[in-house]
Amino acid sequence: GAEAFQDFERATAVTAPVQTATVPANSASKTQARGNWRMYDDAPKPHVPVPQQQPRNEDRWGLSLLMLSEVGTLPEWSLGPSLVTRYGSFAVWGEVALSALWPRFAATHVDSSRGGRIGWFAAQVAACAGLGAGLPLAACAGFESGDLYGYGVNTDYRHVGYGFWSAFTAGAVYRGQLRRNWGLELRLGSAIPLSRPTFGLEGYGEVFQPSAVSLRAEVGLAWR
């Protein structure tokens, strides 16, 4: 009897249904939702390209269109255009420029209404070097060659005369960025002429000779 009773209990224990905890139907969806949120948060963020600035040590071409203001080369203060082409990095570059000045009047010693109108044009080559890392300032030194030309005013002398011009040049350059590849350029400099041609009129004598030093200022736009 006891033996049979024990067997019965073992059978009952084996055949008794296993009680399992019921899970609400929406529990799996919540778990899956939380899993989805974790997957979204852990996913790598999309790469947004950041515009790169032009490397300051990369060699490239540049161009500047400037207005030149000068005193010393002509009888009076004058203005004229200057076009500069350069190649090099932000720190060191070489440049070639073409410049001209509007002709100015020089009167004779005899009659202030008679005289000559004197003009100037030249080509310059120069080497420039930055004054420090990150500074938009540079120093330049170079050489220029060109002509002074003149013609009579209120005189019978109509022929245009030319005189060879050559000079050493030196100055400072500021180039600040305005937008993208465009910038504002300012220059201050001087030229020391190696030749100073004298202009005169027949019957009136000497009319004009350039000064020993030319002082210059330039302002305009620079590309790159």
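Everything discussed here concerns the structure shown above.
What you see is a predicted model; the values in this text were computed from it and never measured.

(A) Expanded view of the pairing of strand S9 (residues 205-208). Bridge count between strand S8 (residues 199-201) and S9: three bridges; the pairing is antiparallel. Each residue of the ladder has a partner; that of Gly 200, found in S9, is Glu 206.

(B) Main features of the packing of aromatic side chains. With the rule as written, the count across this model stands at four aromatic pairs. Plain terms: the ring middles of Phe 121 and Tyr 149 are 6.1 Å apart, the flat faces sit at 40 degrees to each other, and that makes the pair tilted. Residue Phe 121 is found in strand S4 (residues 115-130), and its partner Tyr 149 is found in strand S5 (residues 137-153); the two are separated by 28 residues along the sequence. For Tyr 149, a relative accessible area of 19% corresponds to the buried category. Judged by centre distance (5.9 Å) and plane angle (65 degrees), the ring pair of Phe 143 and Phe 168 falls under edge-to-face. One end of the pair, Phe 143, is in strand S5; the other, Phe 168, is in strand S6 (residues 161-179), with 25 residues separating them in the sequence. The partly exposed category is assigned to Phe 143, whose relative accessible area is 33%.

(C) Main features of the pattern of salt bridges. For the coordinates displayed, the defined rule picks out seven salt bridges. Residue Glu 185 pairs with Arg 86 through a salt bridge whose shortest N-O separation is 3.9 Å. Of this pair, Glu 185 sits in strand S7 (residues 182-193) while Arg 86 sits in strand S2 (residues 78-88), placing them 99 residues apart in sequence. Taking the shortest distance from any N to any O, the salt bridge between Arg 187 and Glu 185 comes out at 2.6 Å. Accessibility expressed as a relative area gives 10% for Arg 187, which makes it buried.

(D) Region of the structure containing the state of the cysteines. In total, this model carries one disulfide according to the counting rule given. The partner cysteine of Cys 128 in its disulfide is Cys 140, sulfur to sulfur 1.9 Å. Measuring handedness by torsion sign, the sulfur bridge of Cys 128 and Cys 140 sits at about 110 degrees and is right-handed. Taken together, the residues span a long stretch of sequence, with Cys 128 in strand S4 and Cys 140 in strand S5 at a distance of twelve residues. For the pair shown, Cys 128 and Cys 140 are each scored as buried.

About the criteria used
- Residues numbered from 1 in each chain as written.
- Predicted model: local features only at pLDDT ≥ 70, side-chain atom pairs only at ≥ 80, totals over all residues.
- Heavy atoms only, no water.
- Pairing = 2+ DSSP bridges.
- Helix = DSSP H or I, 4+ residues; strand = E, 2+ residues; numbered from the N terminus.
- Phe/Tyr/Trp six-rings, centres within 6.5 Å; stacked < 30°, edge-to-face > 60°.
- Buried < 20%, exposed > 50% of the residue type's maximum accessible area, 1.4 Å probe, protein only.
- Salt bridge = Lys/Arg side-chain N within 4 Å of Asp/Glu carboxyl O.
- Disulfide = S-S within 2.5 Å.

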